[in-house]
Amino acid sequence: MRAKKILAALMAVLILSITLCVPFFCVETGEADRAANESDMPDISGVGSAWLYCLDTDCVILKEGADLKMFPAGTVKLMTAIVARSFIKEPTKSVTLKSEISVATPSKTYNMKEGDTVTGDDLFKLMLMQNSNEAANALARLCCESVSDFVVLMNAKAKELGMSGTLYANAT
């Protein structure tokens, strides 16, 4: 239970940092990112591993235990969101779901099926807020011919970000 709370706190910091792109020091270049100082850094004491990335500046802003082997949990869906967002240019536009969205693993189901009409925003919210595996697969299928093709893009993005110890097997 303690590990879940720590993971939830880390996910909250990660999501806030990515979406708000808080001013931090850029780890890769050593340059101050919008005049940040050390007091801007989040308190991550007690967290085994943390990695924060700013989409606006294309910069890693915090690395702590980034090379530790850990279970991915909900972080897989963050990469799914990052990759899918690069394809879905109009997230408020309605889209028709394609095949291959159901999942073999137990998960909360929303009874989504091929032919249903939803918005990209709805799928992002279901995936990130309700942990829906169906929504993750639906986003993957909106972007690629198959979920496995989408996973190839997830692994390419991980490599591009320097995540050398990461290998995705699915979008969920």
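Residues numbered from 1 in each chain as written. Predicted model: local features only at pLDDT ≥ 70, side-chain atom pairs only at ≥ 80, totals over all residues. Heavy atoms only, no water.

Details of the state of the cysteines
Turning to step 1, where the next piece is worked out: By the definition in use, this model includes zero disulfides.
Turning to step 2, where the next piece is worked out: In this structure Cys 144 is not part of a disulfide, and its nearest cysteine sulfur, from Cys 143, lies 6.0 Å away. (Disulfide = S-S within 2.5 Å.)

As for the environment of Asp 67
Turning to step 1, where the next piece is worked out: Mapping Asp 67 onto the fold places it in the loop between strand 2 (59–64) and helix 2 (75–87).
Turning to step 2, where the next piece is worked out: Along the chain, Asp 67 and Met 163 lie 96 residues apart, while their C-alpha atoms are 8.4 Å from each other. (Helix = DSSP H or I, 4+ residues; strand = E, 2+ residues; numbered from the N terminus.)

Structural notes on helix 4 (residues 133–143)
Turning to step 1, where the next piece is worked out: With ten of eleven residues buried, helix 4 is to be regarded as a mostly interior element.
Turning to step 2, where the next piece is worked out: Among the residues making up helix 4, those that are buried are Asn 133, Glu 134, Ala 135, Ala 136, Asn 137, Ala 138, Leu 139, Ala 140, Arg 141 and Cys 143.
Turning to step 3, where the next piece is worked out: Buried residues in helix 4 make contact with helix 2, helix 3 (120–130) and helix 5 (147–160). (Buried < 20%, exposed > 50% of the residue type's maximum accessible area, 1.4 Å probe, protein only. Contact = heavy atoms within 4.5 Å.)

Here's the deal with the confidence of the model for the protein chain
Turning to step 1, where the next piece is worked out: When pLDDT is averaged along the protein chain, the result is 77, and 71% of the positions lie at 70 or above.
Turning to step 2, where the next piece is worked out: Low pLDDT (under 50) marks residues 16–24, which in the prediction has 25 contacts with non-local residues, meaning those over four places away or in another chain. (pLDDT = per-residue confidence, 0-100.)

So, unusual backbone geometry
Turning to step 1, where the next piece is worked out: Despite not being glycine, Asn 131 has its phi angle at roughly 60°, a positive value.
Turning to step 2, where the next piece is worked out: Note that Asn 131 resides in the loop between helix 3 and helix 4.

A look at the packing of helix 2 against helix 3
Angle between the axes and distance between the axes are the two parameters that describe a pair of packed helices.
Turning to step 1, where the next piece is worked out: Their axes nearest at 10 Å, the elements helix 2 and helix 3 cross at an angle of 165°. As far as their axial angle goes, helix 3 and helix 2 are roughly antiparallel. Helix 3 is crossed by helix 2, and the crossing has left-handed handedness. Where helix 2 approaches helix 3, its residues Lys 77, Leu 78, Thr 80, Ala 81, Ala 84 and Arg 85 are matched on the opposing element by Phe 124, Met 127 and Leu 128. (Axes fitted to C-alpha atoms, helices over the stretch in contact; angles between N-to-C directions. Parallel < 35°, antiparallel > 145°, perpendicular 65-115°, else oblique. Left-handed = near helix turned anticlockwise from the far one by under 90°.)

Describing the side chain of Ser 49
Turning to step 1, where the next piece is worked out: As for its position among the elements, Ser 49 is in the loop between helix 1 (2–20) and strand 1 (50–54).
Turning to step 2, where the next piece is worked out: At 2.8 Å, the side chain of Ser 49 forms a polar contact with the backbone oxygen of Gly 65. (Polar contact = N/O pair within 3.5 Å; in protein donor to acceptor, adjacent residues only side chain to side chain.)

Observations concerning the nonpolar core
Turning to step 1, where the next piece is worked out: In this structure, Met 79, Leu 123, Phe 150, Met 154 and Tyr 168 are the most contacted members of the largest nonpolar core, which totals 31 residues.
Turning to step 2, where the next piece is worked out: Where this core is concerned, the elements lending two or more residues are helix 2, helix 3, helix 4 and helix 5.
Turning to step 3, where the next piece is worked out: In terms of residue count, helix 4 provides more of this core than any other element does, six residues in total.
Turning to step 4, where the next piece is worked out: Leaving out residues up to four positions away in the same chain, Phe 150 has contacts with Thr 80, Val 83, Ala 84, Ala 140, Cys 143, Cys 144 and Ala 171. (Core = buried A, V, L, I, M, F, W, Y, C linked by side-chain atoms within 4.5 Å.)

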